[in-house]
Amino acid sequence: MTNSVKADAPSPVRLHLDGEALLSNYKALSKASGAATTGAAVKANGYGVGAREVVSRLSKAGCRDFFVAHWSEAVAIADVVPADQISVLNGVGEADMPLALSLGARPMLNSPTQVVRWKQAGGGRCHVMIDSGINRLGIGPEQLGEDLLDGLDIDVLASHLASADEDVAQNGEQLEAFRQAAAGVSGERLSFANSAGIMLGRDYHFDLTRPGLSLYGGIARPEMTSIIKQVVFPQAQVLQIRKMPAGSPIGYNATYRCEAAKRVATVSLGYADGYLRGFSNSGTVEFQETAMPVIGRVSMDLVTLDADNAENLREGDWITIDYNLREASQISGLSPYELLTGLNSRFDRFWI
Ligand SMILES: *Cc1c(COP(=O)(O)O)cnc(C)c1O
(Lines give C-alpha, C1' and ligand atoms only; values in the text may rest on other atoms or scores of the structure.)
Protein backbone atom coordinates (compact mmCIF):
# COMPACT_ATOMS: atom_id res chain seq x y z
CA MET A 1 0.00 0.00 0.00
CA THR A 2 2.64 2.52 1.06
CA ASN A 3 4.66 1.50 -1.97
CA SER A 4 1.91 2.31 -4.43
CA VAL A 5 1.28 5.64 -2.74
CA LYS A 6 4.98 6.36 -3.02
CA ALA A 7 5.03 5.39 -6.69
CA ASP A 8 2.45 8.09 -7.35
CA ALA A 9 4.59 10.62 -5.50
CA PRO A 10 8.17 10.30 -6.68
CA SER A 11 10.62 11.18 -3.95
CA PRO A 12 12.87 14.23 -4.26
CA VAL A 13 15.65 12.11 -2.71
CA ARG A 14 16.99 8.92 -4.20
CA LEU A 15 19.87 6.52 -3.81
CA HIS A 16 21.76 5.37 -6.85
CA LEU A 17 23.08 1.96 -5.88
CA ASP A 18 25.92 0.39 -7.83
CA GLY A 19 25.12 -3.32 -8.20
CA GLU A 20 28.46 -4.09 -9.80
CA ALA A 21 30.31 -2.46 -6.92
CA LEU A 22 28.30 -4.54 -4.42
CA LEU A 23 29.22 -7.75 -6.25
CA SER A 24 32.81 -6.66 -6.65
CA ASN A 25 33.04 -5.95 -2.92
CA TYR A 26 31.52 -9.34 -2.08
CA LYS A 27 34.01 -11.08 -4.34
CA ALA A 28 36.93 -9.09 -2.91
CA LEU A 29 35.89 -9.98 0.64
CA SER A 30 35.42 -13.63 -0.34
CA LYS A 31 38.90 -13.67 -1.78
CA ALA A 32 40.32 -12.00 1.31
CA SER A 33 38.49 -14.58 3.44
CA GLY A 34 40.66 -17.32 1.91
CA ALA A 35 39.24 -20.80 2.45
CA ALA A 36 36.39 -19.54 4.63
CA THR A 37 32.85 -19.10 3.30
CA THR A 38 31.69 -15.49 3.15
CA GLY A 39 28.31 -14.49 4.55
CA ALA A 40 26.71 -11.05 4.63
CA ALA A 41 25.42 -8.84 7.42
CA VAL A 42 22.18 -7.35 6.07
CA LYS A 43 20.72 -6.01 9.32
CA ALA A 44 19.16 -2.54 9.43
CA ASN A 45 17.72 -2.95 5.94
CA GLY A 46 21.07 -3.97 4.50
CA TYR A 47 22.81 -1.01 6.17
CA GLY A 48 20.27 1.30 4.56
CA VAL A 49 20.97 0.01 1.07
CA GLY A 50 17.85 -2.17 0.91
CA ALA A 51 18.01 -5.68 2.37
CA ARG A 52 15.78 -7.47 -0.12
CA GLU A 53 17.72 -6.33 -3.14
CA VAL A 54 21.09 -6.90 -1.47
CA VAL A 55 20.13 -10.41 -0.40
CA SER A 56 18.80 -11.27 -3.82
CA ARG A 57 21.96 -10.05 -5.54
CA LEU A 58 24.39 -11.68 -3.10
CA SER A 59 22.42 -14.91 -3.18
CA LYS A 60 22.91 -15.07 -6.94
CA ALA A 61 26.63 -14.54 -6.29
CA GLY A 62 26.68 -17.62 -4.05
CA CYS A 63 26.18 -16.16 -0.59
CA ARG A 64 24.29 -18.55 1.70
CA ASP A 65 24.50 -16.92 5.14
CA PHE A 66 22.61 -13.69 5.86
CA PHE A 67 22.72 -11.97 9.23
CA VAL A 68 19.95 -9.69 10.49
CA ALA A 69 19.45 -8.24 13.97
CA HIS A 70 15.67 -8.43 14.42
CA TRP A 71 13.05 -11.05 13.61
CA SER A 72 11.14 -8.47 11.58
CA GLU A 73 14.25 -8.16 9.41
CA ALA A 74 14.25 -11.93 8.93
CA VAL A 75 10.59 -11.80 7.86
CA ALA A 76 11.42 -9.04 5.39
CA ILE A 77 13.80 -11.30 3.43
CA ALA A 78 12.21 -14.70 4.12
CA ASP A 79 10.69 -14.93 0.65
CA VAL A 80 13.99 -13.98 -1.00
CA VAL A 81 16.17 -16.78 0.39
CA PRO A 82 15.45 -20.01 2.29
CA ALA A 83 14.79 -19.24 5.95
CA ASP A 84 17.59 -21.51 7.14
CA GLN A 85 20.08 -19.16 5.45
CA ILE A 86 18.96 -16.32 7.73
CA SER A 87 20.53 -15.79 11.16
CA VAL A 88 19.04 -13.46 13.75
CA LEU A 89 21.95 -11.91 15.64
CA ASN A 90 20.00 -10.52 18.58
CA GLY A 91 18.78 -13.98 19.50
CA VAL A 92 15.35 -15.01 20.59
CA GLY A 93 13.20 -13.42 23.30
CA GLU A 94 10.02 -14.86 24.75
CA ALA A 95 7.83 -12.78 22.46
CA ASP A 96 9.79 -13.91 19.37
CA MET A 97 9.27 -17.63 19.96
CA PRO A 98 6.09 -18.29 17.93
CA LEU A 99 7.56 -16.52 14.91
CA ALA A 100 11.02 -18.03 15.39
CA LEU A 101 9.59 -21.55 15.47
CA SER A 102 7.35 -21.10 12.46
CA LEU A 103 9.72 -19.04 10.26
CA GLY A 104 12.70 -21.35 10.43
CA ALA A 105 15.35 -18.62 10.51
CA ARG A 106 18.06 -19.45 13.02
CA PRO A 107 18.55 -17.49 16.19
CA MET A 108 22.03 -16.62 17.39
CA LEU A 109 21.58 -17.66 21.03
CA ASN A 110 23.30 -15.06 23.17
CA SER A 111 22.64 -15.93 26.78
CA PRO A 112 22.01 -18.96 28.98
CA THR A 113 18.38 -17.84 29.24
CA GLN A 114 18.02 -17.91 25.46
CA VAL A 115 19.68 -21.32 25.32
CA VAL A 116 17.26 -22.78 27.85
CA ARG A 117 14.29 -21.16 26.09
CA TRP A 118 15.33 -22.66 22.76
CA LYS A 119 16.00 -26.11 24.21
CA GLN A 120 12.70 -26.25 26.09
CA ALA A 121 10.80 -25.32 22.94
CA GLY A 122 12.60 -28.00 20.93
CA GLY A 123 13.72 -25.25 18.60
CA GLY A 124 16.01 -27.21 16.29
CA ARG A 125 19.13 -25.97 14.54
CA CYS A 126 20.58 -22.74 15.92
CA HIS A 127 23.70 -20.64 16.26
CA VAL A 128 25.50 -19.65 19.45
CA MET A 129 27.41 -16.43 20.17
CA ILE A 130 30.34 -16.63 22.55
CA ASP A 131 31.53 -13.36 24.02
CA SER A 132 35.32 -13.45 23.66
CA GLY A 133 35.88 -9.98 25.05
CA ILE A 134 33.67 -7.33 23.45
CA ASN A 135 31.54 -7.72 26.56
CA ARG A 136 28.38 -6.69 24.85
CA LEU A 137 26.30 -9.61 23.66
CA GLY A 138 27.05 -13.31 23.92
CA ILE A 139 27.61 -16.11 26.38
CA GLY A 140 30.67 -15.47 28.52
CA PRO A 141 33.19 -18.32 28.56
CA GLU A 142 32.64 -18.59 32.30
CA GLN A 143 28.91 -19.18 31.70
CA LEU A 144 29.44 -22.13 29.39
CA GLY A 145 29.57 -24.57 32.30
CA GLU A 146 29.62 -28.31 31.79
CA ASP A 147 26.33 -28.86 30.06
CA LEU A 148 24.77 -25.51 29.08
CA LEU A 149 24.99 -26.22 25.36
CA ASP A 150 24.41 -29.98 25.56
CA GLY A 151 21.54 -31.09 23.39
CA LEU A 152 21.67 -28.06 21.11
CA ASP A 153 22.06 -28.66 17.39
CA ILE A 154 24.57 -25.89 16.68
CA ASP A 155 25.35 -24.81 13.14
CA VAL A 156 27.51 -21.71 13.68
CA LEU A 157 29.49 -21.06 16.83
CA ALA A 158 30.39 -17.38 16.59
CA SER A 159 32.16 -14.60 18.37
CA HIS A 160 32.58 -10.93 17.52
CA LEU A 161 35.65 -8.68 17.48
CA ALA A 162 35.61 -5.36 19.34
CA SER A 163 38.54 -3.55 17.73
CA ALA A 164 39.37 -5.28 14.46
CA ASP A 165 39.76 -1.88 12.79
CA GLU A 166 42.75 -1.18 15.04
CA ASP A 167 46.06 -2.96 15.56
CA VAL A 168 45.69 -3.67 19.23
CA ALA A 169 46.43 -6.57 21.55
CA GLN A 170 42.71 -7.08 22.13
CA ASN A 171 42.39 -8.80 18.72
CA GLY A 172 44.84 -11.55 19.62
CA GLU A 173 43.37 -11.88 23.09
CA GLN A 174 39.89 -12.35 21.67
CA LEU A 175 41.20 -14.87 19.16
CA GLU A 176 42.73 -16.91 21.94
CA ALA A 177 39.60 -16.68 24.08
CA PHE A 178 37.41 -17.78 21.16
CA ARG A 179 39.66 -20.73 20.36
CA GLN A 180 39.60 -21.91 23.94
CA ALA A 181 35.84 -21.57 24.28
CA ALA A 182 35.21 -23.24 20.92
CA ALA A 183 37.38 -26.23 21.78
CA GLY A 184 34.74 -27.52 24.17
CA VAL A 185 31.69 -26.95 21.96
CA SER A 186 30.36 -29.00 19.08
CA GLY A 187 29.32 -26.52 16.43
CA GLU A 188 29.45 -27.38 12.77
CA ARG A 189 31.09 -24.09 11.72
CA LEU A 190 33.11 -21.41 13.48
CA SER A 191 32.68 -17.72 12.63
CA PHE A 192 34.65 -14.78 13.96
CA ALA A 193 35.50 -12.01 11.48
CA ASN A 194 33.47 -8.97 10.46
CA SER A 195 34.70 -6.76 7.59
CA ALA A 196 37.76 -5.47 9.43
CA GLY A 197 38.46 -8.87 10.98
CA ILE A 198 38.84 -10.43 7.53
CA MET A 199 41.92 -8.27 6.97
CA LEU A 200 43.57 -9.51 10.18
CA GLY A 201 44.57 -12.65 8.31
CA ARG A 202 43.98 -16.36 8.10
CA ASP A 203 43.90 -17.04 11.84
CA TYR A 204 40.79 -14.93 12.06
CA HIS A 205 38.82 -16.52 9.20
CA PHE A 206 37.72 -19.92 10.60
CA ASP A 207 34.85 -21.38 8.51
CA LEU A 208 32.59 -18.39 7.86
CA THR A 209 33.19 -14.63 7.74
CA ARG A 210 30.44 -12.05 8.32
CA PRO A 211 31.23 -8.76 6.56
CA GLY A 212 28.70 -5.96 6.55
CA LEU A 213 30.14 -2.48 6.20
CA SER A 214 32.65 -3.23 3.45
CA LEU A 215 30.05 -4.89 1.24
CA TYR A 216 28.44 -1.47 1.08
CA GLY A 217 31.65 0.45 0.43
CA GLY A 218 33.04 1.03 3.91
CA ILE A 219 36.83 0.96 4.23
CA ALA A 220 37.07 -0.87 7.54
CA ARG A 221 40.87 -0.99 7.44
CA PRO A 222 43.41 0.84 5.25
CA GLU A 223 44.38 -2.44 3.51
CA MET A 224 40.94 -2.40 1.88
CA THR A 225 41.27 0.93 0.15
CA SER A 226 42.17 -0.58 -3.21
CA ILE A 227 39.66 -3.44 -3.19
CA ILE A 228 36.42 -1.86 -1.93
CA LYS A 229 34.21 0.32 -4.14
CA GLN A 230 31.57 2.90 -3.32
CA VAL A 231 28.06 1.47 -3.63
CA VAL A 232 25.78 4.24 -2.37
CA PHE A 233 25.34 7.55 -4.20
CA PRO A 234 22.63 9.72 -2.60
CA GLN A 235 21.01 12.31 -4.84
CA ALA A 236 18.55 15.11 -4.18
CA GLN A 237 16.55 17.61 -6.18
CA VAL A 238 17.09 21.37 -6.31
CA LEU A 239 14.01 23.29 -5.12
CA GLN A 240 15.12 26.87 -5.56
CA ILE A 241 18.01 28.97 -6.84
CA ARG A 242 18.33 32.56 -5.76
CA LYS A 243 20.94 35.28 -6.02
CA MET A 244 21.66 36.63 -2.55
CA PRO A 245 23.31 40.00 -1.96
CA ALA A 246 26.56 40.36 -0.04
CA GLY A 247 26.05 40.08 3.68
CA SER A 248 23.05 37.72 3.50
CA PRO A 249 22.82 35.24 6.37
CA ILE A 250 21.96 31.67 5.31
CA GLY A 251 19.77 29.22 7.19
CA TYR A 252 18.93 28.65 10.84
CA ASN A 253 20.98 30.70 13.25
CA ALA A 254 22.86 32.37 10.40
CA THR A 255 25.90 30.11 10.72
CA TYR A 256 26.99 31.26 7.24
CA ARG A 257 27.06 34.77 5.85
CA CYS A 258 27.66 35.55 2.16
CA GLU A 259 30.78 37.71 1.87
CA ALA A 260 29.91 38.68 -1.66
CA ALA A 261 26.78 38.33 -3.76
CA LYS A 262 26.17 34.62 -4.20
CA ARG A 263 23.97 32.18 -6.08
CA VAL A 264 22.41 29.96 -3.44
CA ALA A 265 20.68 26.66 -4.29
CA THR A 266 18.28 25.05 -1.84
CA VAL A 267 17.98 21.28 -2.09
CA SER A 268 15.37 18.85 -0.82
CA LEU A 269 17.63 17.02 1.62
CA GLY A 270 17.99 17.23 5.37
CA TYR A 271 18.59 15.44 8.60
CA ALA A 272 15.18 13.77 8.38
CA ASP A 273 16.52 11.95 5.31
CA GLY A 274 19.65 10.91 7.17
CA TYR A 275 21.88 13.78 6.02
CA LEU A 276 22.81 14.93 9.50
CA ARG A 277 23.88 18.29 10.85
CA GLY A 278 27.56 17.31 10.89
CA PHE A 279 27.54 18.31 7.22
CA SER A 280 26.54 21.90 8.03
CA ASN A 281 29.08 24.24 6.41
CA SER A 282 31.27 21.23 5.56
CA GLY A 283 29.60 18.77 3.19
CA THR A 284 29.89 18.97 -0.60
CA VAL A 285 27.74 17.88 -3.53
CA GLU A 286 28.37 17.53 -7.26
CA PHE A 287 26.53 18.67 -10.36
CA GLN A 288 28.05 17.82 -13.73
CA GLU A 289 31.52 17.54 -12.19
CA THR A 290 31.22 20.86 -10.40
CA ALA A 291 31.56 20.71 -6.62
CA MET A 292 29.26 22.83 -4.49
CA PRO A 293 29.87 23.35 -0.77
CA VAL A 294 27.05 23.09 1.75
CA ILE A 295 26.65 26.52 3.33
CA GLY A 296 24.70 27.15 6.48
CA ARG A 297 23.11 24.61 8.73
CA VAL A 298 21.53 21.38 7.50
CA SER A 299 17.87 21.58 8.48
CA MET A 300 15.21 18.91 8.65
CA ASP A 301 14.27 18.80 4.98
CA LEU A 302 16.60 21.32 3.33
CA VAL A 303 20.22 22.18 2.73
CA THR A 304 21.64 25.26 1.08
CA LEU A 305 24.54 25.23 -1.39
CA ASP A 306 27.01 27.71 -2.77
CA ALA A 307 26.07 27.40 -6.46
CA ASP A 308 28.31 30.18 -7.78
CA ASN A 309 30.36 27.76 -9.89
CA ALA A 310 27.44 25.68 -11.18
CA GLU A 311 26.09 28.04 -13.79
CA ASN A 312 24.03 25.35 -15.50
CA LEU A 313 22.22 24.31 -12.35
CA ARG A 314 18.43 24.78 -12.54
CA GLU A 315 15.47 24.13 -10.29
CA GLY A 316 14.46 20.48 -10.54
CA ASP A 317 18.00 19.26 -11.31
CA TRP A 318 19.42 16.36 -9.32
CA ILE A 319 22.66 16.86 -7.45
CA THR A 320 24.82 14.00 -6.15
CA ILE A 321 25.96 14.19 -2.56
CA ASP A 322 29.65 13.43 -1.96
CA TYR A 323 29.32 10.24 0.06
CA ASN A 324 32.71 8.61 -0.12
CA LEU A 325 32.29 7.00 3.29
CA ARG A 326 35.74 7.72 4.61
CA GLU A 327 35.79 11.37 3.60
CA ALA A 328 32.17 11.93 4.59
CA SER A 329 32.93 10.37 7.93
CA GLN A 330 35.88 12.68 8.56
CA ILE A 331 33.85 15.72 7.53
CA SER A 332 30.73 14.93 9.51
CA GLY A 333 32.13 13.20 12.57
CA LEU A 334 29.74 10.31 11.88
CA SER A 335 30.93 6.74 11.52
CA PRO A 336 30.53 5.10 8.10
CA TYR A 337 27.98 2.80 9.76
CA GLU A 338 25.89 5.80 10.81
CA LEU A 339 26.27 7.38 7.38
CA LEU A 340 24.77 4.30 5.73
CA THR A 341 22.12 3.20 8.19
CA GLY A 342 20.79 6.74 8.53
CA LEU A 343 19.63 6.76 4.88
CA ASN A 344 15.99 6.02 5.45
CA SER A 345 12.75 5.22 3.68
CA ARG A 346 12.37 8.75 2.31
CA PHE A 347 14.83 7.73 -0.41
CA ASP A 348 13.73 5.94 -3.55
CA ARG A 349 16.31 3.29 -4.33
CA PHE A 350 17.57 2.68 -7.87
CA TRP A 351 20.12 0.05 -8.84
CA ILE A 352 22.39 1.02 -11.70
C1 LIG B 1 27.09 -6.12 12.35
C2 LIG B 1 27.81 -7.36 12.63
C3 LIG B 1 28.72 -7.88 11.71
C4 LIG B 1 29.19 -7.11 10.50
O5 LIG B 1 30.12 -6.15 10.94
P6 LIG B 1 30.83 -5.09 9.95
O7 LIG B 1 31.75 -4.36 10.82
O8 LIG B 1 29.73 -4.24 9.42
O9 LIG B 1 31.49 -5.87 8.89
C10 LIG B 1 29.25 -9.14 11.96
N11 LIG B 1 28.93 -9.82 13.08
C12 LIG B 1 28.08 -9.33 14.00
C13 LIG B 1 27.78 -10.13 15.22
C14 LIG B 1 27.50 -8.08 13.82
O15 LIG B 1 26.69 -7.59 14.75
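Residues numbered from 1 in each chain as written. Predicted model: local features only at pLDDT ≥ 70, side-chain atom pairs only at ≥ 80, totals over all residues. Heavy atoms only, no water.

> Looking at this structure, how should I read the overall build of the chain?
Helix and strand counts for the chain come out as 11 helices and 19 strands. Overall size of the chain, expressed as C-alpha extent along the three principal axes, is 75 × 50 × 35 Å. Of all 352 residues assigned to the chain, the portion counted as buried reaches 50%. In the chain, of all internal contacts separated by at least 6 residues, the share reaching a separation of at least 24 is 64%. On the chain, roughly 15,800 Å² of surface is accessible, and the fraction owed to carbon and sulfur atoms is 49%. In the chain, which carries 31 positive and 40 negative side-chain charges, the distance between the mean positions of the two groups comes to 5 Å. (Helix = DSSP H or I, 4+ residues; strand = E, 2+ residues; numbered from the N terminus. Buried < 20%, exposed > 50% of the residue type's maximum accessible area, 1.4 Å probe, protein only. Contact = heavy atoms within 4.5 Å. Areas by Shrake-Rupley, 256 points an atom, 1.4 Å probe, with all protein chains shown as cover. Lys, Arg positive; Asp, Glu negative; His and termini not counted. Charge placed at Lys NZ, Arg CZ, Asp CG, Glu CD.)

> Got a minute to help me understand the packing of aromatic side chains in this structure?
Aromatic ring pairs are defined here through the distance separating the ring centres and the angle between the ring planes. Per the stated rule, a full pass over the model turns up 8 aromatic pairs. Ring plane angle 75° and centroid distance 5.1 Å describe the contact between Phe178 and Phe206, whose orientation is recorded as edge-to-face. Of this pair, Phe178 sits in helix α8 (residues 169-183) while Phe206 is found in the loop between α9 (195-198) and β10 (208-209), placing the two residues 28 residues apart along the sequence. On the basis of relative accessible area, Phe206 is assigned to the partly exposed category, the value being 22%. Look at Phe279 and Tyr323: their rings are 6.4 Å apart centre to centre, the planes differ by 35°, and that puts the pair in the tilted class. You can see Phe279 sitting in the loop between β14 (262-267) and β15 (284-287) and its partner Tyr323 sitting in the loop between β18 (318-321) and α10 (325-332), a full 44 residues away along the chain. For Phe279, a relative accessible area of 1% puts it in the buried group. On the basis of relative accessibility, which here comes to 2%, the residue Tyr323 falls in the buried class. (Phe/Tyr/Trp six-rings, centres within 6.5 Å; stacked < 30°, edge-to-face > 60°.)

> What am I meant to see in the environment of Ala83 here?
Within the fold, Ala83 resides in the loop between α5 (71-77) and β5 (86-88). Residue classification places Ala83 among the buried positions, given a relative accessible area of 17%. Through-space distance from the C-alpha of Ala83 to that of Arg64 is 10 Å; in sequence the pair is 19 residues apart. Those residues in contact with Ala83 that sit more than four places away from it in its chain are Leu103, Gly104, Ala105 and Arg106.

> Explanation requested: the pattern of salt bridges in the structure shown.
Should the charged atoms of two oppositely charged side chains come close, the side chains can pair. This model, assessed by the stated rule, comprises 15 salt bridges. Here Lys262 ties to Asp306 by a salt bridge, and the two come within 2.8 Å at their closest N and O atoms. Residue Lys262 is found in strand β14, and its partner Asp306 is found in strand β17 (residues 303-306); the two are separated by 44 residues along the sequence. Taking the relative accessible area as the measure of exposure, Lys262 reaches 10% and is therefore buried. The salt bridge involving Lys262 is made with Asp308; its shortest N-O contact spans 3.2 Å. Of the two residues, Lys262 sits in strand β14 while Asp308 sits in the loop between β17 and β18, which places them 46 residues apart along the sequence. Residue Asp308 is classed as partly exposed on the basis of its relative accessible area, which comes to 29%. When salt bridges with common partners are traced through the structure, they connect Asp65, Arg106, Asp155 and Arg189 into a single cluster. (Salt bridge = Lys/Arg side-chain N within 4 Å of Asp/Glu carboxyl O.)

> I would appreciate a short explanation of the site of the ligand in the present structure.
What surrounds the ligand is a group of 14 residues, the closest being Lys43, Tyr47, Ser195, Leu213 and Tyr337. At a separation of 2.6 Å, an oxygen atom of the ligand approaches a polar side-chain atom of Lys43. Tyr47 places a side-chain nitrogen or oxygen 2.5 Å from an oxygen atom of the ligand. For the ligand, the accessible surface in isolation is 390 Å², of which the surrounding protein chains cover 92%. For the shell around the ligand, the per-class residue count stands at 7 nonpolar, 4 polar and 3 charged. (Near = heavy atom within 4 Å. Polar contact = N/O pair within 3.5 Å; in protein donor to acceptor, adjacent residues only side chain to side chain. Nonpolar A, V, L, I, M, F, W, Y, C, P; charged D, E, K, R; others polar.)

> What am I meant to see in helix α4 (residues 51-60) here?
For the α-helix, the turn length of 3.6 residues means that residues three or four positions removed from each other point alike. For α4, the set of buried residues is Ala51, Val54, Val55, Leu58 and Ser59. When α4 is viewed along its axis, its buried side chains cluster within an angular range of 125° and face the same direction. Taken together, the buried residues of α4 touch α2 (19-32), β3 (40-41), α3 (43-47), β4 (66-68), α5 and β19 (348-351). Remark: Gly62 follows α4 within two positions and exhibits a positive phi of approximately 105°. (Arc of directions from axis to C-beta.)

> Just to check I follow, could you spell out unusual backbone geometry for this structure?
Excluding glycine, a negative phi dihedral is what most residues carry, and trans is how most peptide bonds are arranged. A positive phi angle, near 50°, is found at Phe206, a position not held by glycine. Backbone geometry places Glu289, a non-glycine residue, at a positive phi of 70°. Tracing the chain through its elements places Glu289 in the loop between β15 and β16 (290-295).

> For this particular structure, what's the right way to read the pairing of β15?
Within a regular beta strand, the side chains point alternately toward one face of the sheet and then the other, so they alternate between its two faces. The alternating pattern of β15 places Val285 and Phe287 on a buried face and Thr284 and Glu286 on a face that is not buried. Pairing analysis gives 4 bridges linking β15 to β16, with the strands arranged antiparallel. Paired with Val285 across the strands is Met292, a residue of β16. (Pairing = 2+ DSSP bridges.)

> Please explain the nonpolar core as it appears in this structure.
Nonpolar side chains in soluble globular proteins generally cluster together in the buried interior. Ranked by internal contacts, the top residues of the largest apolar core, which has 90 residues, are Leu149 and Ile319. Residue contacts for Ile319: discarding those within four places in its chain leaves Pro234, Gln235, Ala236, Val238, Val267, Val285, Glu286, Phe287, Met292 and Leu313. Formed by 7 residues, the second largest nonpolar core is a distinct cluster that contains Met108, Met129, Val156 and Leu208. (Core = buried A, V, L, I, M, F, W, Y, C linked by side-chain atoms within 4.5 Å.)

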